[in-house]
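Structural overview
Residues per chain are reported as follows:
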Amino acid sequence: MKVEIKLITMQDLTDDFLLTFQRYQETHKVLVEIDNRLFEKNDSFIDDWDTVKKVAIVQELRTSLTAGGIVLGVYENQNLIGFANIEPTRFGPQMEYVELSYIHVSQEIRGKGIGKKLFEVCCEMGCQLGGQKLYIAAHPSIESQLFYKKMGCTLASHIEKDILSKEPLDIQLERKITPSF
C-alpha cells in the first residue's frame, strides 16, 4: 500500500474534505483516570461522524491553519484516509506543549501502520512549531489508549483545563518530541 502524507492548505479544506472519511468506532471498554492511575471500565458507545460534524471539524481545521497550526492529510490513491492537526499555540509551565487536537485514520484502513507514520510526522511538525511535548486529549477507548501507549505517550504531567473541559472523559497524555536533525 502506497500512502502519501502531505501538508494541507486552506484550498484543500473544502466543506467536503472529510466527506468520505470513516470515523466509525465501536467502544466497549474505556480507561478512566483516578488519582493519576488508569483503570479499565465497561462502557459501550459508537462514534460515527455525520456530515454536519465533519463540516464543523473542517471549520476547526481552517481556524487552526489560519492561526498558524499544521494540518496533515494521509492519502491513498488520492483518497483521504487519515488526518491530523497540531495547534499553533504553545502552553504549559515552560510553554513546552503544542496540542495534537486531531489524529484519525479512516475505519477501513486501521491496523496497517498508517497511524504510527502519521504520529511520527506530527512529532516532527510539533517541533517545527517550537514544542518540546505533544499534548493529546485522547479518546478513552482501550484501542485508542493502546495506540498512544505504543507511540510512547504517558499521562500528562500538566493538565490544560481548557482542553480537559472540552471532553472531560478523554485521557490527557503527553509525548516528548525532539527534532530528528
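Residues numbered from 1 in each chain as written. Predicted model: local features only at pLDDT ≥ 70, side-chain atom pairs only at ≥ 80, totals over all residues. Heavy atoms only, no water.

Side note on the packing of aromatic side chains
- Within the structure shown, the criterion is met by ten aromatic pairs.
- Aromatic side chains Phe119 and Phe147 sit 6.1 Å apart centroid to centroid with 85° between the ring planes, which places their arrangement in the edge-to-face category. Of this pair, Phe119 sits in helix 2 (residues 114-128) while Phe147 sits in helix 3 (residues 142-150); the two residues are 28 residues apart in sequence, bridging distant segments of the chain.
- What makes Phe147 partly exposed here is its relative accessible area of 23%. (Phe/Tyr/Trp six-rings, centres within 6.5 Å; stacked < 30°, edge-to-face > 60°. Helix = DSSP H or I, 4+ residues; strand = E, 2+ residues; numbered from the N terminus. Buried < 20%, exposed > 50% of the residue type's maximum accessible area, 1.4 Å probe, protein only.)

A closer look at the pattern of salt bridges
- All told, the structure shown has six salt bridges when counted by the stated rule.
- Between Arg23 and Asp47 there is a salt bridge whose closest N-O contact spans 3.7 Å. Here Asp47 lies in strand 3 (residues 37-47) and Arg23 lies in the loop between strand 1 (4-7) and strand 2 (25-34), a separation of 24 residues in the sequence.
- Two residues, Lys133 and Glu174, come together in a salt bridge whose shortest N-O distance is 3.2 Å. In this pair, Lys133 is assigned in strand 7 (residues 133-138) and Glu174 in strand 9 (residues 171-176), connecting sequence segments 41 residues apart. Here Lys133 and Glu174 have matching classes, each one buried. (Salt bridge = Lys/Arg side-chain N within 4 Å of Asp/Glu carboxyl O.)

As for the environment of Asp12
- Mapped onto the secondary structure, Asp12 falls in the loop between strand 1 and strand 2.
- For Asp12, a relative accessible area of 23% corresponds to the partly exposed category.
- Each C-alpha atom of the pair Asp12 and Ile46 lies 28 Å from the other, and the pair is 34 residues apart in sequence.
- With residues near it in sequence (within four places) discarded, Asp12 still touches Lys6, Leu7 and Phe17. (Contact = heavy atoms within 4.5 Å.)

A few points about the environment of Lys116
- As for its placement among the helices and strands, Lys116 is situated in helix 2.
- Look at Lys116 and you get partly exposed, because its relative accessible area is 43%.
- For the pair formed by Lys116 and Val105, sequence separation is eleven residues and the distance between their alpha carbons is 10.0 Å.
- Once residues within four sequence positions are removed from consideration, Lys116 is found in contact with Phe147 and Met151.

Side note on helix 3
- Taken as a whole, helix 3 has its buried residues at Ser144, Gln145 and Tyr148. Buried residues of helix 3, seen end-on, are gathered within an arc of 95° and therefore sit on one face of the element. With respect to the buried face of helix 3, the exposed residues turned more than 90 degrees away are Lys149 and Lys150.
- Lining the buried residues of helix 3 we find strand 2, strand 6 (97-105), helix 2, strand 7 and strand 9.
- One or two steps after helix 3, the chain reaches Gly152, where phi turns positive at roughly 90°. (Arc of directions from axis to C-beta.)

Quick look at the confidence of the model for the chain
- Mean pLDDT over the chain works out to 93, with 98% of the residues at or above the 70 mark.
- Per-residue pLDDT, averaged within each element of the chain, yields its smallest value for strand 2 (86) and its largest for strand 7 (98). (pLDDT = per-residue confidence, 0-100.)

Some words on the sheet that holds strand 9
- Spatially, 1-4-5-6-7-9-8 is the arrangement adopted by the seven strands of the open sheet, whose pairing is mixed. In this open sheet, the two strands that pair with only one neighbour each are strand 1 and strand 8 (154-155).
- In this structure, strand 8 lies alongside strand 9, joined through two bridges in antiparallel fashion. Across the sheet, the residue bridging to Thr154 is Glu174, located in strand 9. (Pairing = 2+ DSSP bridges.)

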